[in-house]
Amino acid sequence: MKQLIYLDNAATTKTRPEVVEAMLPYFTEQYGNPSSVYDFSAGPKKAIADARETIARSLGAKTNEIYFTAGGTESDNWALVATAEAYRAKGNHIITSKIEHHAILHTCQYLESRGFEVTYLDVDENGVVKLEELKKAIRPETILISIMFANNEIGTIQPVKEIGSIAKEHGILFHTDAVQAFGHLPIQVDECHIDMLSASGHKLNGPRGIGFLYIRTGVKSRSFIHGGAQERKRRGGTENTPGIVGLAKACEIAMNSMEERTNREKELRDYLIDRVLKEVPYTRLNGHPVNRLSNNANFAFQFIEGESLLIMLDMDGICGSSGSACTSGSLDPSHVLLAIGLPHEIAHGSLRLTLNEEITKEQLDYTVESIKKIVDRLRSMSPLYEDFMKHQNR
């Protein structure tokens, strides 16, 4: 079997063995429904309470401000829809950015169909929200600002603390989609003036199908899933005890290893970026050159199609992405790359590589050599590249 080099950790991560081990008893031994009153349910009930405390502590939040969900998409939907409805008497205007995950953008489109107005902020060439434009977009009827903590495609980290300060100054709620950031960046909700925060377990070596929404005490947010009294009557449905335990264990490990892990990832990420930019001509790095996630490298290669590049990388045992995993079946160029100003023909030639702590320098060397070989081959078949080189050689 050929080697597997997994460089798509922004899409999902491998569940840690310690996480699986922590979850197992809640499938086979302590499987009682935590909402039941008998003693057999005391163990699962306590496990959920302990998990809530672990996650709250990681954010500097209170335990009763953490609500478990099925993942980041549900958390984003809840934050926008239930909150917008709760504050509709105050106003109907929401501010977000053009580079949000589709869990935010599609939810905003749904809210527009329900009579809400949404302002989609532009970003600069590095994918950073412009604070002056944010201030100008605020109206008396603005009730919510939702800006992601770090972008899932290009890795750019937003000035969340400054955005939170602007929101607080104007009495507007601030939600951040921290699905890519939680467990990879230090986050304190009070310091950043965050009122709501979404996160997902499978982005930090936890299980799939579990996430949480932080809701600051005092924020009005209606029940999102009806049918039970779970999650303090805001999210009905039997609790996913194994998933919740796994999420908390993954959170604990991520917080304890964050500094060492991210420093190593940065070193390898920068090595990868440096080699690709130096050795593959007509290539650019997408996203902020410094303020980006420690494991994210996103390139645009001129004169090639990203889909062909991905297929040929896969033949070499390398897993990468051309953008968000949720849109990998789409032939349209990334909305994020278009928002930072790339023309369609260049945006189509994008490649996102996201590292984990197991990746080695040798594997990255193999990846770079594979990229060089494939890009050369694809360009040799491109009439656009042939025409470009003729003009260059005149």
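First things first, this report covers the structure right here in the doc.

What counts, and at which threshold
- Residues numbered from 1 in each chain as written.
- Predicted model: local features only at pLDDT ≥ 70, side-chain atom pairs only at ≥ 80, totals over all residues.
- Heavy atoms only, no water.
- Helix = DSSP H or I, 4+ residues; strand = E, 2+ residues; numbered from the N terminus.
- Buried < 20%, exposed > 50% of the residue type's maximum accessible area, 1.4 Å probe, protein only.
- Contact = heavy atoms within 4.5 Å.
- Areas by Shrake-Rupley, 256 points an atom, 1.4 Å probe, with all protein chains shown as cover.
- Lys, Arg positive; Asp, Glu negative; His and termini not counted.
- Charge placed at Lys NZ, Arg CZ, Asp CG, Glu CD.
- Polar contact = N/O pair within 3.5 Å; in protein donor to acceptor, adjacent residues only side chain to side chain.
- Phe/Tyr/Trp six-rings, centres within 6.5 Å; stacked < 30°, edge-to-face > 60°.
- Lys NZ or Arg CZ within 6 Å of the ring centre and 35° of its normal.
- Pairing = 2+ DSSP bridges.
- Axes fitted to C-alpha atoms, helices over the stretch in contact; angles between N-to-C directions.
- Core = buried A, V, L, I, M, F, W, Y, C linked by side-chain atoms within 4.5 Å.
- Salt bridge = Lys/Arg side-chain N within 4 Å of Asp/Glu carboxyl O.
- Disulfide = S-S within 2.5 Å.
- Expected span 1.5 Å × (residues − 1).
- Bend = angle between axes of the 7 residues up to and from the residue.

1. Focus on the overall build of the protein chain
And step 1. In terms of regular secondary structure, the protein chain is built from 14 helices and 12 strands.
And step 2. Split into buried and exposed, the 394 residues of the protein chain put 56% on the buried side.
And step 3. Looking at the protein chain alone, contacts between residues at least 24 apart form 74% of all its contacts between residues at least 6 apart.
And step 4. When the accessible surface of the protein chain is split by element, carbon and sulfur atoms take 51% of a total near 17300 Å².
And step 5. Taking the 44 positively charged and 51 negatively charged side chains of the protein chain as two groups, their mean positions are separated by 3 Å.

2. A look at the side chain of T354
And step 1. As for its position among the elements, T354 is in strand β12 (residues 350-354).
And step 2. A polar atom in the side chain of T354 sits 2.9 Å from the backbone nitrogen of A10.
And step 3. When neighbours within four sequence positions are excluded, T354 is seen to be in contact with Y6, L7, D8, N9, A10, N295 and N296.

3. Things to note about the packing of aromatic side chains
And step 1. Enumeration according to the criterion identifies 9 aromatic pairs in this entry.
And step 2. Seen in terms of ring centroids, F182 and F212 are 5.1 Å apart; in terms of plane orientation they differ by 80°. Their pairing is edge-to-face. Here the residue F182 occupies a position in the loop between β6 (173-177) and β7 (196-200), and F212 occupies one in strand β8 (residues 211-215), the gap between them amounting to 30 residues. Comparing F182 with F212 shows no difference in burial state: the two are buried.
And step 3. Here the guanidinium or amino end of K220 rests over the ring plane of Y87, the centre of that ring lying 4.8 Å away.
And step 4. Note that K361 overlies the ring of Y271, its terminal NZ or CZ placed 4.6 Å from the centroid.

4. Quick notes on the side chain of E231
And step 1. By secondary structure assignment, the location of E231 is in helix α8 (residues 230-233).
And step 2. Separated by 2.8 Å, the side chains of E231 and R52 make a polar contact.
And step 3. Apart from residues lying up to four places away in sequence, E231 is in contact with R52, I66, Y67, F68 and E239.

5. Side note on the sheet that holds β12
And step 1. If you trace the 3 strands from one edge of the open sheet to the other, you get β9-β10-β12, paired in antiparallel fashion. Sheet topology places β9 (283-285) and β12 at the edges, where each strand pairs with a single neighbour. Direction aside, neighbouring strands of the sheet carry axes that sit 25° apart on average.
And step 2. By the bridge criterion, 5 bridges tie strand β10 (residues 296-301) to β12 in an arrangement that is antiparallel.

6. Some details on the nonpolar core
And step 1. Of all hydrophobic cores here, the largest spans 59 residues; its most connected members are L59, I194 and F212.
And step 2. With 7 residues, the single largest contributor to this core is helix α9 (residues 241-279).
And step 3. Residues contacting L59, with those up to four places away along its chain left out, are I66, F182, I187, Q188, V189, L197, F212 and Y214.
And step 4. L272, A297, L309 and M312 belong to the second-largest nonpolar core, a separate cluster that totals 26 residues.

7. Some details on the pattern of salt bridges
And step 1. Inspection of the entire model under this criterion finds 26 salt bridges.
And step 2. Between R52 and E231 there is a salt bridge whose closest N-O contact spans 2.8 Å. In this pair, R52 sits in helix α3 (residues 42-59) while E231 sits in helix α8, placing the two residues 179 residues apart along the sequence. Comparing R52 with E231, the two get one shared label, buried.

8. Focus: the state of the cysteines
And step 1. Under the definition given, this model contains 0 disulfides.
And step 2. Here C192 is not cross-linked by a disulfide; its sulfur's nearest cysteine counterpart is in C251, at 16 Å.
And step 3. Using a relative accessible area of 8% as the deciding quantity, one classes C192 as buried.

9. A few points about the environment of E133
And step 1. Among the structural elements, E133 can be located in helix α6 (residues 131-137).
And step 2. Between the C-alpha atoms of E133 and D122, which are 11 residues apart in sequence, the distance is 8.1 Å.
And step 3. Apart from residues lying up to four places away in sequence, E133 is in contact with L121 and D122.

10. Points about α9
And step 1. Between the first and last C-alpha of α9 there are merely 49 Å, a value that for 39 residues lags more than 12% behind the 57 Å anticipated at 1.5 Å per step.
And step 2. Maximum bend of α9: about 70°, positioned at M258.
And step 3. Among the residues of α9, the N-terminal cap falls to N240, whose side-chain oxygen and the backbone nitrogen of G243 are separated by 3.0 Å.

11. Observations regarding unusual backbone geometry
And step 1. Positive phi, close to 65°, is recorded for K233, a residue that is not glycine.
And step 2. Relative to the assigned elements, K233 resides in helix α8.
And step 3. Of note, the phi angle at Y282 is positive, near 55°, even though the residue is not glycine.
And step 4. Y282 gets classed as partly exposed once you look at its relative accessible area, which sits at 28%.

12. Observations concerning helix α4 (residues 72-86)
And step 1. With 15 residues, α4 should reach 21 Å at 1.5 Å per residue; the first-to-last C-alpha distance of 21 Å fits that figure.
And step 2. All buried positions along α4 are accounted for by G72, E74, S75, D76, W78, A79, L80, V81, A82, T83, A84 and A86.

13. Comments concerning the pairing of β8
And step 1. In terms of residue burial, β8 counts as a mostly covered element, since 5 of its 5 residues are buried.
And step 2. Residues of β8 alternate between two faces, with G211, L213 and I215 on one and F212 and Y214 on the opposite face, all of them buried.
And step 3. Across 4 bridges, strand β2 (residues 66-69) lies against β8 in antiparallel orientation. Looking at the pairing, F68 lines up with F212 of β8.

Keep in mind these numbers describe shape, not what the thing actually does.
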